[in-house]
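Fold and geometry: a report
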Amino acid sequence: MKYIPDEYIFLMVPNNSGSTLLSNILLTSKNIDSTTPLEAQFNPDFIGPRPDQFNVSGLFTKKENIFRNESLYDWEHNKKEVFFSRLAKPLLIEKSPSNLCRADMYYKHFKNIKYLIMDRNPLAMAEGVMRQFKHSAKDAISHAVRCKEINSEILNTYKDISLYITYEELVNETQETLSKIKQFIPMAGEIFVPKHLTIKGKKYNGLINKNEEQISKISVKNLDIMLQYIHMKGISL
C-alpha cells in the first residue's frame, strides 16, 4: 500500500557529511518512514536527473544547473510513485544529497514540508569525496564549499520551515542536538542513537567524530590546495 504522509522531512545534507547517520537516528522514531531507497533519486520510478547519469557521483554541484532544471522532473508522478510511506507512518524522510538543488521545487510541489539542514567541516567532507569517488582535491573542496553556500541560501529563504545543525554538533553534543530535532519535528516523538550503526559498509558502536581521522589522511599538497580555496571563498572552519 502507498500512504501519503502528513509531513515530509527533506534532509538537506551533502554527500559524505553524515546523512546516513542522521537518517538512522530519525528512523528510530515509531512515526517516521523513509522513501525506498533512502535516496529517492535512485528509485527506478523516479523521474529526474541522477548524478550517475552525468558522471558526477559525489560531485553533483558540477552539474548544478541540470539538477535545478524543473522541466527535467515529473513531480506529480514522483509524488505518487516515489514519495510515499509503505508503513502508514505520518512522517516521511528523504536524503538524496542533490536535494540541495531541489528546495524550491519541493516547496512548490509538496504540502507540509520541513528542511533539516546539516553541514560538515568541508575538509573532512572533501576527503571523503576524494577517497570514495576518486575526485581531485580542487573538485572535492569546491563541491564541499558550494554545498555549504547552497545550504546557507536554503536556510535564509526557508528559515520558517528549516532547522540547521552540523555533523559536529550531532556527534559531539548529541543529546542537545536530538532535543533540537524533536522540537523541530514534534510528531517524531522519541528518537535515539542506535547501539549499532552501519555507515558506508562499516559497523560502529555509537557515535564517533571522524573529522580528525579523515583530515589527517589528506596529503600536505592537497591540504594546501583546499585551504587556499577555503581562504579565497572566505569560509571559516
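Look up a bit, the structure's there.
Computed from a prediction, not measured in an experiment: that's the story for all the values here. (Residues numbered from 1 in each chain as written. Predicted model: local features only at pLDDT ≥ 70, side-chain atom pairs only at ≥ 80, totals over all residues. Heavy atoms only, no water.)

Turning our attention to the packing of helix α5 (residues 122–133) against helix α6 (residues 137–157). Any two packed helices are characterised by the angle at which their axes cross and by the distance between the axes. Two elements in contact, α5 and α6, have axes whose closest approach is 8 Å; the angle formed by their N-to-C orientations is 130 degrees. Taken together, the axis directions place α5 and α6 in an arrangement best described as oblique. Here α5 and α6 pass one another in a crossing that is right-handed. Here Pro122, Leu123, Met125, Ala126, Val129 and Met130 of α5 come into contact with α6, specifically with Ala137, Ala140, Ile141, His143, Ala144 and Cys147. Within the contact of α5 with α6, the residues separate by chemical class into eleven nonpolar, one polar and no charged. (Axes fitted to C-alpha atoms, helices over the stretch in contact; angles between N-to-C directions. Helix = DSSP H or I, 4+ residues; strand = E, 2+ residues; numbered from the N terminus. Parallel < 35°, antiparallel > 145°, perpendicular 65-115°, else oblique. Left-handed = near helix turned anticlockwise from the far one by under 90°. Contact = heavy atoms within 4.5 Å. Nonpolar A, V, L, I, M, F, W, Y, C, P; charged D, E, K, R; others polar.)

Cis geometry marks the peptide bond from Thr36 to Pro37; its omega dihedral reads -5 degrees. Its location among the elements puts Pro37 in the loop between β2 (32–34) and α2 (64–67). Although it is not a glycine, Lys134 sits at a positive phi angle of roughly 65 degrees. Residue position: Lys134 is located in the loop between α5 and α6. Judged by relative accessible area, Lys134 falls into the exposed class, the value being 67%. (Buried < 20%, exposed > 50% of the residue type's maximum accessible area, 1.4 Å probe, protein only.)

Here the focus is the pairing of strand β3 (residues 91–94). Along a regular strand, successive side chains alternate from one face of the sheet to the other. By the alternation rule, side chains of β3 split into Leu91 and Ile93 and Leu92 and Glu94, which are all buried. Examined bridge by bridge, strand β1 (residues 7–12) and β3 share four bridges and lie parallel to one another. Its bridge partner being in β3, Tyr8 is matched across the sheet by Leu92. Strand direction decides the pairing type here: β2 and β3, joined by three bridges, are parallel. If you follow Ile32 over to β3, its bridge partner there is Leu91. (Pairing = 2+ DSSP bridges.)

Mapped onto the secondary structure, Arg131 falls in helix α5. When its relative accessible area of 39% is taken as the criterion, Arg131 is described as partly exposed. For Arg131 and Gln214, which are 83 residues apart along the polypeptide, the C-alpha to C-alpha distance reads 9.7 Å. Look past the residues within four positions of Arg131 in its chain and what remains in contact with it is Gln214 and Lys217. There is a polar contact of 2.9 Å between the side chain of Arg131 and the side chain of Glu127. (Polar contact = N/O pair within 3.5 Å; in protein donor to acceptor, adjacent residues only side chain to side chain.)

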